[in-house]
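Survey of secondary and tertiary structure
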Amino acid sequence: MYFAGIDIGSTVTKIVILDDKESLVSKIIRYTAPEHRRFANKLMEEVLEKAELTIDDIEAIVATGYGRVSVPFADKKVTEITCHAIGVSCIFPHARTIIDIGGQDSKGIKVINGRVVDFVMNDKCAAGTGRFLDVIAEALGSSPHEMGEYALRSSSPVTINSICTVFAEQEVVSYLADGVLMEDIAAGIYDAIVARIHGMVRRIGIEQEIIMTGGVAKSRGLIKTAKKRLGRVLTPPEPLITGALGAAIFAKRLFEDSNRKGTLIDKSKRRMDRVTFFDQAAR
Amino acid sequence: MKEEEAKKSTFKVSEVAKKGYSLVKKYLYEKAKEDAKQGKPVAWVCPTVIYGPFHMILDAMDIVPMAMDHFGAMCAVKGVASYFLDACAKEYLSDSLCGYMRCVYSHAMLAKELGEMPPEAPLGGWPKPTLMVERTTYCDGTYKVFQTLARHYDVPVYHVDLYPGVYHKNIEEYRKRLIQYQYEDLKNFAMFAEKVTGKRIDWDKLSEMVYRQEEIHRLWREVDLLRKTVPCPISNLDLWAVIAPGFWLPGKEETLVFFQNLLEEVKTRAKTGLGVVPEEKYRLMWIELPPWHGLEMFNYFMSKGAVFVIESFWYSQFLIPTDKPDNITDPLLRIAYEVPTFSTKLISMAEDEALAWRTQFYLYMAKEWKVDGLVSHPLLSCRAPSFSQRHAEELLMKLYKIPNIRIQGDIVDKRAMLPFDQLKPQIDTFLESVAYHKELRRKEGVI
């Protein structure tokens, strides 16, 4: 038996397929494309092909993330915060604080035994998100990954005073003009982003173990800075897929729950034709 | 209920509350404008105080009171606020200046520019003022905008000094001094209005209105207390509609009848166990004014079985003093008695001097109304009442394990708030957290 979770994030889409022992069968990670409905179907076909499965082999499918409403083949839609909590707790059973830095938002989640007990999210501001780092990396003429590596070499990080993406970029440009070393600028940026996220997550009370997820958690520079401020910080082997993983585990629980109640999941409602938004509206 | 249905449907359950709008439309706008046409002097008043002192005093002087904060809220409800806010932005006014005041200010400026009321003005806008009245307490935005508008219209403005109250070790002595201070200030205000308009107070009329308003408050308080019933018999959407006649038509016979009918209706609903939603799962508390531009958010909460059972005390009536001595017959003194008694009564409830009395009050409400979760709404353009929210959030979680969600926003400016579709996942997760903590409190025997 197989279960799937699809996490359509603002920047990256991830699909995870698990077997009934919750072992990873297949996964796929791609940048999110416009027209989510068409895109979700295409990606699902791809991951099924990779796993040599058909959609009917999947007992339950759960969609999460910003684009979860655009998955016509999902049996259920669940919020990303819940899925992250489940996914992370599956890897780190003692996780209490999850810091997820996504492409367009960042959030702190307090969990106990895989259950969300509190959470906090950034508001209408790009500071402290993956997009913030993209913008700054561009200003430095590097990639976010390279920026993380530069930061590791810094001995004297600069101070970035602004938390606004646009103004922080201006500061970076000024530092570059002053001839400041790239590694010190990169380290200063990580200091600023971690300080902002720390300030936000502190509201829910930071407790060990702290797990950092999201694409930004792949940056070694960021993790080093986070450890300086927060102490022990753990990251999953693949920090991008915890939401999709949680969704797949949720799907398994959904299936088991339905079986117990005798209300089987109706697979006939799934739509795998490449429906577009416009098709959907016409119906 | 499906989400789309929830968005379309409304959980306004009170037939009486629905009539509040027509009452306000008739008296606060149509009749007021008709009176102004007949040559009666017009007073622009803001912000309104829950016991409506300025409106009653002006009414008793045959001066037409206009509620400028209601106008701002109406702009937001009718979806035309951005027209007025944009006009303010063109004049370089800050986005964090009171949303109500920005609507009022640009309404006046646009009226001058167009030579007539801006067509977007809800219910036809306002006639020009003869005088202006504002309350200095808390609201610096009103103070400055009214000062500017008074120059614009070349009319005098009176700044009433309603004292907010602070913690005091000898609260009874402090209260007496405040009552006297307030009384003197209200007398000065009445003399000011007399001097500007040549009108005299009809003391019998004022007295009647004041006693009637006290009865209105008593009825309103009963309604709020009935919201302790499980399931809650009336929704917060109804209660926000009730505020309008309660605040802006104080002391009127029609308002009294309105509240009498409302109480009867809510009593019947409570007695028969008729709740706002078919299955009340969670009872929530709301801190601060609502986003008038996005009230559909409350429908979404209620579609999930989450009902708001109480709001910030500013908008509730259950604390208005009932222990006013009968021998006070001077209506101005009765009003003066209300103001500091209200604030000092709140303060005296604070058992711990170190604990901000506002926070103490939220703890009290959470216990009394059996609250499961807190939704706070920090207002971008009204910071003064928003400052104690963080403290309340932290203590409610620490002491009672009541979780919270902060929805950043504003009363008028919808740009300050996340789009509803982006808020929904946060609301869903918050309700999961509410469910978890509700179970936890039950197991641990916390309130």
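Every value quoted in this text rests on a predicted model; they were computed, and no experiment measured them. (Residues numbered from 1 in each chain as written. Chains lettered and ligands numbered in written order. Predicted model: local features only at pLDDT ≥ 70, side-chain atom pairs only at ≥ 80, totals over all residues. Heavy atoms only, no water.)

**Overview of the overall build of chain B**
Threshold: For the purposes of this entry, the term helix denotes a DSSP run of H or I that reaches at least four residues, the term strand denotes a run of E that reaches at least two, and both are numbered from the N terminus. Think of it in three bands: residues with accessible area under 20% of the maximum for their type are buried, residues over 50% are exposed, and the middle band is partly exposed, with areas taken using a 1.4 Å probe on protein chains only. Any two residues whose heavy atoms approach within 4.5 Å at even a single point are treated as in contact. Where accessible areas are quoted, they stem from the Shrake-Rupley method and a 1.4 Å probe; at the residue level, only the protein chains shown are allowed to cover.
Looking only at helices and strands, chain B has 16 helices and 8 strands in total. Taking all 447 residues of chain B together, the buried fraction comes to 62%. In chain B, once contacts between residues fewer than 6 apart in sequence are set aside, the share between residues at least 24 apart is 79%. A total accessible area of about 17,700 Å² is found for chain B, and carbon and sulfur atoms account for 51% of it.

**Some words on empty space enclosed by the protein**
All names here are of chain B. We apply this condition: Definitions used throughout: a 1 Å grid over protein atoms alone; a cavity as a set of points that fits a 1.4 Å probe which cannot get out; a pocket as an open set with protein on both sides within 12 Å along at least five of seven lines; a lining residue as one with an atom within 4 Å of a point. Grid points are joined across faces, edges and corners, and a volume is the space filled by probe spheres set on the points.
This structure, assessed with the given rule, holds 1 cavity of 30 Å³ or more. Of the voids in this model, the largest cavity is the one considered here, and its volume is about 60 Å³. Lining the largest cavity are Tyr51, Met56, Val210, Gln213, Glu214, His217, Lys324, Arg334, Ile335 and Glu338. Contributions of two or more residues to the lining of the largest cavity are made by helix H9 (203-226) and helix H13 (331-348). Among the elements that make up the lining of the largest cavity, the one with the highest residue count is H9 (4 residues).

**Overview of the pattern of salt bridges**
Where charged atoms from two side chains of opposite charge approach closely, those side chains can pair. Going by this rule: What counts as a salt bridge is simple: a side-chain nitrogen of Lys or Arg found within 4 Å of a carboxyl oxygen of Asp or Glu.
Per the stated rule, a full pass over the model turns up 49 salt bridges over all chains. Note that A:Glu80 is salt-bridged to A:Arg68, the shortest N-O span being 3.4 Å. On the criterion of sequence distance, the pair formed by A:Glu80 in helix H2 (residues 80-91) and A:Arg68 in the loop between strand S4 (58-64) and strand S5 (76-77) is long-range, its members being 12 residues apart. Judged by its relative accessible area of 5%, A:Glu80 falls in the buried class. Looking at A:Arg68, the relative accessible area reads 10%, which means it is buried. One salt bridge connects B:Arg441 with B:Asp372, and the closest N-O pair in it is separated by 2.8 Å.

**Describing the pairing of strand S6 (residues 97-101) of chain A**
Residue and element names in this part refer to chain A. For clarity, the threshold we go by: Whether two strands pair depends on DSSP finding at least two bridges between them.
Buried residues dominate S6, accounting for 5 of its 5 residues. Residues of S6 alternate between two faces, with Thr97, Ile99 and Ile101 on one and Ile98 and Asp100 on the opposite face, all of them buried. Judged from the 5 bridges that link them, S6 and strand S7 (residues 106-112) form a sheet pairing that is antiparallel. Looking at S7, one finds that Thr97 is bridged to Lys110. Where S6 folds back onto S7 in an antiparallel hairpin, the turn is made up of 4 residues. Pairing of S6 with strand S9 (residues 210-213), which is carried by 4 bridges, proceeds in the parallel orientation.

**Let's talk about the environment of B:Tyr153**
Residues and elements named next belong to chain B. Examined against the element boundaries, Tyr153 turns out to sit in helix H7 (residues 140-153). Note on Tyr153: relative accessible area 17%, which makes it buried. C-alpha of Tyr153 to C-alpha of Gly124: the two residues are 29 residues apart in sequence and 19 Å apart in space.

**Quick notes on the nonpolar core**
The test is simple: Think of a nonpolar core as a cluster: buried Ala, Val, Leu, Ile, Met, Phe, Trp, Tyr and Cys residues, connected wherever their side-chain atoms sit within 4.5 Å.
Counting residues in hydrophobic clusters, the biggest one holds 130 residues, and the most contacted among them are B:Trp44, B:Leu149, B:Leu284, B:Met297 and B:Phe301. The contacts of B:Met297, once residues within four sequence positions are left out, are B:Trp286, B:Pro291, B:Ile407, B:Met417, B:Phe420, B:Leu423 and B:Ile427.

**So, the interface of chain A and chain B**
Heads up, the condition is: As used here, buried area is the combined drop in accessible area, with a 1.4 Å probe, of two parts when they are placed together. Polar contacts, as counted here, are pairs of nitrogen or oxygen atoms within 3.5 Å of one another; within protein the pair requires one atom able to donate a hydrogen and one able to accept it, and residues that are adjacent in sequence qualify only if both atoms are side-chain atoms. Under this grouping Gly is polar, as are all residues other than the nonpolar Ala, Val, Leu, Ile, Met, Phe, Trp, Tyr, Cys and Pro and the charged Asp, Glu, Lys and Arg.
With 16 residues of chain A at the interface, the matching set in chain B holds 23 residues. When the two sides are added together, the surface that chain A and chain B hide from each other amounts to roughly 1,600 Å², 55% of it contributed by carbon and sulfur. For chain A, the biggest contributors to the area lost against chain B are A:Phe119, A:Lys124 and A:Arg203; these three give 34% of the whole. Summed over the shared surface of chain A and chain B, the result is 2 salt bridges. Between A:Arg203 and B:Glu393 there is a salt bridge, with its nearest N and O atoms 4.0 Å apart. On the surface where chain A and chain B come into contact, there are 4 residue pairs in polar contact (both at pLDDT 80 or more). At the level of elements, H2 and strand S8 (115-121) of chain A are the ones that each hand at least two residues to the side of chain A that touches chain B. When grouped by side-chain class, the residues that make up the side of chain A that touches chain B number 7 nonpolar, 2 polar and 7 charged.

**Examining the domain arrangement of chain A**
Residues and elements named next belong to chain A. Selection criterion: Bear in mind that the domain bounds are from an automatic or database domain assignment.
Taken domain by domain, chain A comprises domain 1 (2-83 + 241-282) and domain 2 (93-234). A straight line from the C-alpha centre of domain 1 to that of domain 2 covers 29 Å. Summing both sides of the interface, domain 1 and domain 2 together bury roughly 660 Å²; the carbon and sulfur share of this comes to 64%. Scanning the region where domain 1 abuts domain 2 turns up 0 salt bridges.

**Some remarks on the pairing of S8(A)**
All names here are of chain A. Most of S8 sits inside the fold, with 6 of its 7 residues counted as buried. Pairing of S7 with S8 involves 6 bridges; the strand directions are antiparallel. When the bridges of S8 are listed, Val111 appears paired with Val116. In sequence, S7 turns back onto S8 through a hairpin of 2 residues, with Asn113 there showing a positive phi of about 50 degrees.

**Focus: the confidence of the model for chain A**
Just so we agree on the cut-off: Per-residue confidence from the prediction method is given by pLDDT, with values spanning 0 to 100.
Model confidence for chain A is summarised by a mean pLDDT of 87, while 96% of its residues fall at 70 or above. Within chain A, no element has a lower average pLDDT than helix H9 (residues 277-282) of chain A, which sits at 48, and none a higher one than strand S1 (residues 2-8) of chain A, at 95.

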